[in-house]
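# Fold and contact review
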Amino acid sequence: QLLLYPQEDERQQLRDWKSSGQVLGKQVNFAWDDLALGEKEFGFSATVRTKNIRPEVRRKIPFPLTDLNGFEQYLQPTVTIDSENPRIIARATELAEGEDDLFKVAFKVASWVEENVKYDLNSLTAKASQKASWVLENREGVCDEMTSLFVAMMRSLGVPARFVSGISYTTSDLFTDPWQAHGWAEAYFPGIGWVPFDITFGEYGYIDVTHVKLRDGFDPAEAATKYEWLAEN
């Protein structure tokens, strides 16, 4: 089960698709019944067209939020996004103090994370996603870590937020290939929907056309691929 699949929405459309797998909802399933051990290949090739559109926030959304029926799960702490951490709550509360406009709150939190967390691709951040509280304490990380801290701080303020996995284009000298796996966030704005925030790129309320969304979830540590074996004797 490959859980990275370019979903179609008003911003991106799937123009071409090649794969031996079967698309089921938000995943692609592959199966082999040849009774043979050995390497198995799976994957897909796709052409995705993206449009330069964004969910526009044209009016003030009162903060704090009140009616969030159906979005409660996006407020819960997870293994990586430990939004119940006292230091995360304290920092987010400090940033939001005195604000009654949701976009201003989200902008201030995003800006603080971008300015105070150094992008650092080291052995710790490259092997696994670190907890949001670790990022707050160490003030370093890559896109996953910066996004996790933003999501954790938003959740601690009672704002539904989720982690997005995809790919994007970068001009950074850290990478030989400009197209890289990337993570960013989406925060829920009542009456508008999910609004993107890419802390690493400094894109608040929008993402540029090089971003291709493949999945959204509650935690960056969620598996992107799941395997199942059926056997006898």
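So, a few notes on the structure that sits alongside this text.

What counts and what doesn't
For every chain, the first residue of the written sequence is number 1, and numbering continues from 1 along that sequence. Whole-chain, interface and lining totals are the exception, using all residues; otherwise, since this is a predicted model, local features are given only for residues with pLDDT of at least 70 and side-chain atom pairs are given and counted only at 80 or more. With hydrogens and water stripped out, all remaining heavy atoms of the structure feed into the side-chain values. Axis geometry follows a simple rule: fit a line to the C-alpha atoms, using only the stretch in contact for helices, then measure angles between N-to-C directions, giving values from 0 to 180 degrees. Every helix listed is a DSSP run of H or I at least four residues long, and every strand listed is a run of E at least two residues long, numbered separately from the N terminus. The labels follow the angle: roughly parallel below 35 degrees, roughly antiparallel above 145, roughly perpendicular from 65 to 115, and oblique for the rest. By definition, residues are in contact when any of their heavy atoms lie within 4.5 Å. Residues are grouped as follows: Ala, Val, Leu, Ile, Met, Phe, Trp, Tyr, Cys and Pro are nonpolar; Asp, Glu, Lys and Arg are charged; all remaining types, including Gly, are polar. Relative accessibility under 20% of the residue-type maximum defines a buried residue, over 50% an exposed one, and the middle range a partly exposed one, all with a 1.4 Å probe and only protein chains included. Any two strands are treated as partners once DSSP identifies two or more bridges connecting them. Definition used in this section: a nonpolar core is a set of buried Ala, Val, Leu, Ile, Met, Phe, Trp, Tyr and Cys residues joined via side-chain atoms within 4.5 Å. Think of a 1 Å grid over just the protein atoms. A cavity is a set of points where a 1.4 Å probe fits yet cannot get out, a pocket is an open set with protein on both sides within 12 Å along at least five of seven lines, and lining residues have an atom within 4 Å of a point. Grid points are joined across faces, edges and corners, and a volume is the space filled by probe spheres set on the points. Expected helix span is computed as 1.5 Å times (number of residues minus one). Here a polar contact is taken to be a pair of N or O atoms separated by no more than 3.5 Å, where protein atoms must pair a possible hydrogen donor with a possible acceptor and residues adjacent in sequence count only if both atoms sit in side chains. By convention, a stacked pair of Phe, Tyr or Trp rings (six-membered ring in the case of Trp) has centres within 6.5 Å and planes under 30 degrees apart, an edge-to-face pair has planes over 60 apart, and any other such pair is tilted. By definition, being over a ring means that NZ of Lys or CZ of Arg is both within 6 Å of the ring centre and within 35 degrees of the ring normal.

## Concerning the packing of helix α1 (residues 86-96) against helix α5 (residues 143-156)
Helix-helix packing: each pair is described by the crossing angle between the helix axes and the interaxial distance. Put simply, α1 and α5 touch, their axes get as near as 9 Å, and they point 75° apart. It follows from the interaxial angle that α1 and α5 lie roughly perpendicular. Contacts from I88, I89, R91, A92 and L95 of α1 reach α5 at L149, A152, M153 and S156. Of the residues assigned to the contact of α1 with α5, the class counts are seven nonpolar, one polar and one charged.

## Observations regarding the pairing of strand β8 (residues 179-189)
Looking along a regular strand, one sees the side chains alternate between the two faces of the sheet. Burial analysis of β8 places eight of its 11 residues in the buried class, the great majority of the element. Strand direction decides the pairing type here: strand β7 (residues 161-169) and β8, joined by nine bridges, are antiparallel. If you follow V164 over to β8, its bridge partner there is W184. Pairing between β8 and strand β9 (residues 193-198): five bridges, direction antiparallel. Within β9, the residue paired with A187 across the bridge is V195. Joining the antiparallel neighbours β8 and β9 is a turn of three residues, in which G191 adopts a positive phi near 85°.

## Quick notes on the nonpolar core
When a protein is soluble and globular, its nonpolar side chains tend to lie buried together. Formed by 42 residues in total, the largest nonpolar core has its most connected members in L149, F150, M153, M154 and F197. Elements supplying a minimum of two residues to this core: α1, α2 (102-116), α4 (132-138), α5, β8 and β9. In contact with M153, other than residues within four places in its own chain, are I88, R91, A92, L95, V109, W112 and V113.

## A few points about the layout of surface pockets
Roughly 930 Å³ of volume is contained in the largest pocket. What lines the largest pocket is a set of 22 residues, and nearest its centre among them are A31, W32, E228, W229 and L230. Tallied by class, residues from the lining of the largest pocket come to 12 nonpolar, four polar and six charged. Computed from the structure, the second largest pocket encloses a volume of approximately 690 Å³. Contributing to the lining of the second largest pocket are 33 residues, with C143, D144, A181, H182 and G183 lying nearest its centre. Breaking the lining of the second largest pocket down by element, the ones donating at least two residues are α3 (123-127), α5, β7, β8 and β11 (212-217). Residue composition of the lining of the second largest pocket, by class: 15 nonpolar, 12 polar and six charged.

## Some remarks on α2
Compared with the 21 Å implied by 1.5 Å per residue over 15 residues, the 21 Å span of α2 between its first and last C-alpha is a close match. Taken as a whole, α2 has its buried residues at L102, V105, A106, V109, A110, S111, W112 and V113. Looking at the buried side of α2, the elements it contacts are α1, α4, α5, β8, β9 and β10 (203-204). Its side-chain oxygen 3.0 Å from the backbone nitrogen of F103, D101 forms the N-cap of α2.

## Some details on the packing of aromatic side chains
Aromatic ring pairs: the centre-centre distance and the angle between the two ring planes describe each pair. In total, this model carries 18 aromatic pairs according to the counting rule given. For the pair Y5 and W17, a centre-to-centre distance of 5.1 Å together with 80° between the ring planes defines the contact as edge-to-face. Separated by 12 residues along the polypeptide, Y5 in the segment before β1 (12-18) and W17 in strand β1 bring together distant segments of the chain. Within the aromatic cluster, the residues linked to one another by ring pairs are F103, F107, F150, F189, F197 and Y204. The ring of Y206 has R54 sitting right over it, with the charged end atom 4.4 Å from the ring centre.

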